Each structure stands twice: as C-alpha cells, then as structure tokens.
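Coordinate analysis (summary)
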Amino acid sequence: MRKAGAPARTSFDAPCSSFYPIVKTLSGGKRAHRDRSAPVTAQQKLAAVDVGRNNDAPAHKVRKMNKLLQNVNLAGTSLFFQILGVSGRSAHSSNAISASWKPAGHCNKSNQSLALPHISVPDISWIDWQTIQAAGFKVCIFDKDNTISEPFALTVPAKLLPSFQQCQQVFGSNVVLYSNSAGLYQYDPKGEEAAALEAAFGVHVLRHREKKPAGGCEELQQQFNCAPHEMVFIGDRYLTDVVYGNRHGMLTLRVAPLTSKGEPPSVTAARVIEEACVKRWTAAGIKAPLQQLMPHEQCARIIKQQSS
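Structure report, in brief. (Residues numbered from 1 in each chain as written. Predicted model: local features only at pLDDT ≥ 70, side-chain atom pairs only at ≥ 80, totals over all residues. Heavy atoms only, no water.)

Things to note about the overall build of the protein
- When you go through the protein residue by residue, the secondary structure sums to 10 helices and six strands.
- In the protein, of all internal contacts separated by at least 6 residues, the share reaching a separation of at least 24 is 77%. (Helix = DSSP H or I, 4+ residues; strand = E, 2+ residues; numbered from the N terminus. Contact = heavy atoms within 4.5 Å.)

Description of the nonpolar core
- Within the largest apolar cluster, 33 residues are counted, with the highest numbers of intra-cluster contacts made by I124, W129, I132, F142, I234 and L253.
- Once residues within four sequence positions are removed from consideration, W129 is found in contact with I124, C140, F142, S163, Q166, C167, V170, F171 and I234.
- Ranked by size, the runner-up nonpolar core spans 13 residues in total, among them L220, F224, F233 and Y244. (Core = buried A, V, L, I, M, F, W, Y, C linked by side-chain atoms within 4.5 Å. Buried < 20%, exposed > 50% of the residue type's maximum accessible area, 1.4 Å probe, protein only.)

Notes on helix α9 (residues 238–247)
- Across the 10 residues that make up α9, a large majority, 10, are buried.
- Of the positions making up α9, those classed as buried are Y238, L239, T240, D241, V242, V243, Y244, G245, N246 and R247.
- G249 sits one or two residues past α9 and shows a positive phi near 80 degrees.

So, the sheet that holds strand β6 (residues 251–255)
- Judged by pairing direction, the sheet is parallel, and its six strands sit side by side in the order β1-β6-β5-β2-β3-β4 without closing on themselves. Only two strands of the sheet have a single partner each, and these edge strands are β1 (119–121) and β4 (204–205).
- Across three bridges, the pairing between β1 and β6 is parallel. Counted as the bridge partner of S120 is R254 from β6.
- Where helix α6 (residues 161–171) meets the sheet, it contacts β2 (139–142) and β3 (175–177), and its direction lies at approximately 150 degrees from that of β2. (Pairing = 2+ DSSP bridges. Axes fitted to C-alpha atoms, helices over the stretch in contact; angles between N-to-C directions.)

What follows is the structure, given as structure tokens:
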C-alpha cells in the first residue's frame, strides 16, 4: 500500500538500459578452456578479474547475461515515443503502458518538459553544492557512468574528484548512486555489484526494484526520510536520468557525458536523438517542470563561476 503523500507510481515494469557491453575474453572472443582438475593460481585469478578492463581505469565486473539485458530498454523506448507524441499503439510498448502512464506530480505539463533539465553544465565541477543545500535540498542522487566516472570505471576523474568530495562534505551520508544495474534486485540480487561500487566511491548504492526512468522513489524516501522535491538528481541522460527526476519533482542537473569510449552504438544513436529533440523543444520555449524549492529564475545561482 502506498503511503499517504507519496507520489503516484507508474505502470512501467519493463527494464531500462544501462548498456553494459559484453566482456571479451583474452583469447580473442573465444571461450578459453582450462583443466578444472588443476588448481587455479593467484596469477590466474588476477587475470580473470582484469578481463574487460581498459587501460585507463579499473572497471567492475558485470555478469554476461546482465550485460546483454542492459541493452533492452522497453520502458525507456515506450516513454521516448510518448514524449514525442506517438501513440502507444505505434510505439514499441503495450497499450496498457501507454494508457496508464502519467508523469508523477506533473500531469498538466507537456511530456516534452520532462526531458528538459533545470540546469545543464559541462560536468559536476560547475555545481555549487552549498547553494543547493541552502535552498533546502537534502539528498543528492548520482547516476554513475559518464556522470562521476567513465563507463565501467571505479575511479572519479581527477578533475571531478574535488567537487564529488565537496558534495559529500556538504550532504554527508545523503549522497547515493542510482544505477540501472548495480543495486537492482533483478540483476544484482545479492548486492555484490552495489557493494563493489560502495567500496570504490565511498557512497551508498541504492537497492531498488525498478530502473530509470520507470518506477517510483519509495526506496529513496524510506532511506532518507524526505520528500522527492527535496532531492537532486544528477546524470548525463535526458531520457533516463532527467525524466526520472522530473517525474518525481526533483531538481534535475544534466552533465555532458565524460566520454563516448566504450558506449555501444545504440547509446550513441540515442544521445544524438535526445540532444536534437531537447534542442528543438528548448528553442520552442519549453522549460523543465517547475521545481518547488528552486524556481527557474533562481537555477543559475547554483552554477559556479569558472576561473579562466
């Protein structure tokens, strides 16, 4: 039963994508066989861990089936067509999803506004965390890949590390990663991937049942004991991170992706379409939904002045 005052949930149950690529083996893509009767050496264990990591940053392991399923984004595809104004009958979704979907808390806003962030910045180093907290916000929710780290990496780039650390200083333990894979019960039931990210980044990884942009935010409300409009969502994807945050009345901050390296063609193509649509809607005068704690005219205050 939904708690009183909690935002209405949608009927999206299909997974969205986090787009983990398939890790190739060191044998050129062919499965390497070994004699299982022989003991596994420490060097072999380390080599197995390193499979799929790039030369620039360490990466966390993701199960092969999870990586394949991450490319399936039925809810995201359905929502994309709905935002474009295409009916659920012609979109890649069921009529039930199309008929029952409503933006939580913003039913009178155009669907296009849900894809528009309140603030767009090159990266998180442009964000003034103290100003955000002073405005009344209590929780910062981060997407991971291409927001605070390169895809699959376990380190924050040196340029972004001071800002990420300052966010933790300002908001304390109310900083969380929201991943479409790690922490998702469907793909990470034991929380192993979530624990690996927590050890690497020093912040909590949300355990949740639904993927962005679908679903509610009950897990966030229960964990942090505050309303969605008191939360900030920071991510690089318009149709996952921004839409999810706007659906629940959060302040949405969109950062440019750190790199295109390692992203599958489907993500690259999606970005081109997203950016073209957002540019067109912005030129038409469409704005992000009104945010309870941060009116449009005040949003620019949270952008830091960069030294030349």
